[in-house]
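Summary of structural features
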Amino acid sequence: MLHILYIIAITAEAMTAALSAGRRNMDWVGVCIIACVTALGGGTLRNIILGHYPMTWIAHPEYLLVTTGGAIAAALLASIMKKLRLIFLWLDALGLVVFTIIGCQIAMDLHLPLLIVLLSGIITGCGGGVLRDILCNDIPLLFRKEIYATASLFTGLIYMGIIYLGYGMHAASVIAAAIGFILRLLAIKYNWQMPKFVYQEELE
Amino acid sequence: MLHILYIIAITAEAMTAALSAGRRNMDWVGVCIIACVTALGGGTLRNIILGHYPMTWIAHPEYLLVTTGGAIAAALLASIMKKLRLIFLWLDALGLVVFTIIGCQIAMDLHLPLLIVLLSGIITGCGGGVLRDILCNDIPLLFRKEIYATASLFTGLIYMGIIYLGYGMHAASVIAAAIGFILRLLAIKYNWQMPKFVYQEELE
Amino acid sequence: MLHILYIIAITAEAMTAALSAGRRNMDWVGVCIIACVTALGGGTLRNIILGHYPMTWIAHPEYLLVTTGGAIAAALLASIMKKLRLIFLWLDALGLVVFTIIGCQIAMDLHLPLLIVLLSGIITGCGGGVLRDILCNDIPLLFRKEIYATASLFTGLIYMGIIYLGYGMHAASVIAAAIGFILRLLAIKYNWQMPKFVYQEELE
């Protein structure tokens, strides 16, 4: 189940990332690279930090074909995708919670402490988008937009909470994914934002 | 001793990084992430490059609480911090030399050659600031401002020099930290800069 | 042979990168760091992703001296280098194909699947330039300019194709390097570009 959702999520992430790349007039190679980095970069960053080798996409190179295919499809069908914008916002939210739960699971399997498990979920969930923004030369949206990392943290907390209560990883995945997904959709709909810290140093 | 200075240094780095994030109107999540990356990113980058696992903050997740706490405190006390600007410049200089010495020690423990030991010190000392500037979408200050990487290189050279003279790591740490710290403070006070390489290509 | 070409290539990459850094008024430390990252960053990124330790330049710290020396020489001789611009474009193309072939070889030695071998070549060939552009706060040129990643991909494909035909790594290296090199030079001369994906979202 989680595996199927993962495939759907990396495809959707790759497709929306391809549009971001198109907004910056990148060529097709750039579009494919941005798509792969966005879809698979969070997990790659997590694996590098945890020293957890090999990378998912090196063990399963077919994932690269899926994300590259998604990117090319998105570029060809850009006008259609505009109409499906809402669906892709949903799929992006799905990706966030699925990646987060996978990130938590991997850190748990490595018997890491709770704080690192949660962080592993956040890095997996949000890292791809941060890498995309760095490559596109933007300030990462993550640090400025609606509850994104917060939804990831929440998903991880619920997931770990249910596991500690003894309900097993399957129930935890389903419930955490559902709550995190709804939280993210509500945040988009009502434009929930984390409080901003605005600091102006007059003397500079 | 070095351990206590390390805790002070990561807290101070996290606090000044939080103000940088505030200048870019980031939300609280962004502020905490920027603070952790700045304080712990140099060591993380060094460990990734040296293949030295696990990360310090994965073995000691409490460091993440220290840096996150520092970031939140800095955001809440921003108006007070403005008055303490000088102290934070000092603490930043302290962080630079402490991180550098720790970076050198770790590379020495891995029996790496001198050049790599010095570079490990520079990466540990300066890497966090470079990562912060990349995430904030700036050209890394390191490459443009007062003797920063140079102070780190100097600290490493003195440290290694004293060890090769046979005075032991403790004496080397104290003396190298003191000289590097003073060098950095003098560089700030008198605005010492490394010569710049200004290159204008007319034909482009 | 490949080893000698590698030394020439990292020197040339370091020299052109130093000029990039000079265009951004970086100081000498910044110039040297940008040069080393550009020349050695692609291989470093590849090794981190493949979990292939130690880094080339940690096993051979003399490479750092070569790239730093190249950077300083380029800065001192900037006015001469302007006249040699064509030669450096050729050397850059040489670097691209040499790095690509080395990247493919390393992934092959690790018995990785074909897709990853090709990607390892591309990361090695293009990664340094991407890191340089991130540090200089540009959108990576790779994603916008003449057939660069494509030339790398092509070189890798020819290299692997010849090996699969059973002609041995030596013949494959020579032929793939020659074809990739000529392809890249033709792309520069005739300004060949990959088709761009231009996407304007009216509703944003």
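Quick notes on the rules
Along each chain, residues carry numbers from 1 onward, in the same order as the chain's sequence is written. A letter from A marks each chain and a number from 1 marks each ligand, given out in the order of writing. Totals for whole chains, interfaces and linings use all residues, but because this is a predicted model, local features are given only for residues with pLDDT of at least 70 and pairs of side-chain atoms are given and counted only at 80 or more. Each side-chain value is worked out from all heavy atoms of the structure, with water and hydrogens disregarded. Alignment of copies: least-squares fit on C-alpha atoms of residues with pLDDT of at least 70 in both copies. Any pair of residues with heavy atoms lying within 4.5 Å of one another is described as a contacting pair. Reported buried area values correspond to the accessible surface (1.4 Å probe) lost by two parts on association, with both partners' losses combined. Whenever a carboxyl oxygen of Asp or Glu lies within 4 Å of a side-chain nitrogen of Lys or Arg, that contact is scored as a salt bridge. Helical segments are the DSSP runs of H or I of at least four residues, strand segments are the runs of E of at least two, and each set is numbered from the N terminus. For every element, the axis is a line fit to its C-alpha atoms; helices are fit only across the contacting stretch, and the angle between N-to-C directions ranges from 0 to 180 degrees. Angles below 35 degrees are treated as roughly parallel, those above 145 as roughly antiparallel, those between 65 and 115 as roughly perpendicular, and all remaining angles as oblique. By definition, turning the near helix anticlockwise from the far helix through less than a right angle yields a left-handed crossing, and turning it clockwise yields a right-handed one. Residues were grouped as follows: Ala, Val, Leu, Ile, Met, Phe, Trp, Tyr, Cys and Pro as nonpolar; Asp, Glu, Lys and Arg as charged; and all remaining residues, including Gly, as polar. One confidence number per residue, pLDDT, is output by the predictor and ranges from 0 to 100. Polar contact is defined as a pair of N or O atoms within 3.5 Å, subject to the rule that within protein one atom must be able to donate a hydrogen and the other to accept it, and that residues adjacent in sequence are counted only when both atoms are side-chain atoms.

1. Considering the relation of the copies chain C and chain A
For these two chains of identical sequence, chain C goes onto chain A by a turn of 120° and a shift of 0.0 Å along the axis, with RMSD 0.0 Å. One copy is carried onto the other by what is essentially a three-fold rotation axis. With a heterologous cut-off of 20% or less, the 12% of interface residues of chain C that recur at the interface of chain A puts this contact in the heterologous class.

2. Describing the relation of the copies chain B and chain C
Once turned by 120° and shifted 0.0 Å along the axis, chain B lies on chain C with an RMSD of 0.0 Å. A low fraction, 12%, of the interface residues of chain B reappear at the interface in chain C, so the copies pair through non-equivalent surfaces.

3. Some details on the interface of chain C and chain A
Of the residues lining the interface, 32 residues belong to chain C; the matching set on chain A comes to 31 residues. Summed over both sides, the interface of chain C with chain A buries roughly 2900 Å², with 69% coming from carbon and sulfur. At the boundary of chain C and chain A, one finds zero salt bridges. Among the secondary structure elements, those contributing two or more residues to the side of chain C that touches chain A are α2 (28-50), α7 (114-135) and α8 (149-164) of chain C. The element contributing the most residues to the side of chain C that touches chain A is α7 of chain C, with five residues.

4. Digging into the packing of helix α1 (residues 2-23) of chain C against helix α4 (residues 62-76) of chain C
Residue and element names in this part refer to chain C. At a minimum axis distance of 8 Å, the contact between α1 and α4 shows a crossing angle of 40°. By the criterion of interaxial angle, the relationship of α1 to α4 is oblique. The handedness of the crossing between α1 and α4 is right-handed. Between α1, through H3, Y6, I7, I10, T11, A14, M15, A18 and L19, and α4, the contact on the second element is made entirely by Y63, V66, T67, G70, A71 and A74. Class assignment for the residues of the contact of α1 with α4 results in eleven nonpolar, four polar and no charged.

5. Observations regarding the confidence of the model for chain A
All names here are of chain A. Looking at chain A as a whole, the pLDDT averages 88, with 95% of positions reaching at least 70. Confidence scores differ between elements of chain A, with helix α5 (residues 78-83) showing the lowest mean pLDDT of 79 and helix α3 (residues 56-59) the highest of 94. The ipTM value of the predicted complex is 0.88, and its pTM value is 0.91.

6. Some points on the interface of chain B and chain C
How big an interface is tends to be stated in terms of the accessible area lost upon association of its parts. Each partner contributes to the interface: chain B provides 32 residues, whereas chain C provides 31 residues. Of the roughly 2900 Å² buried between chain B and chain C on both sides combined, carbon and sulfur atoms contribute 68%. For the interface between chain B and chain C, the tally reads zero salt bridges. Linking chain B with chain C are one residue pair in polar contact (both at pLDDT 80 or more). Mapped onto the side of chain B that touches chain C, the elements with two or more residues apiece are α2 (28-50), α7 (114-135) and α8 (149-164) of chain B. Per-element tally for the side of chain B that touches chain C: the top contributor is α7 of chain B, with five residues. Grouping the amino acids of the side of chain B that touches chain C by side-chain chemistry returns 21 nonpolar, four polar and seven charged.

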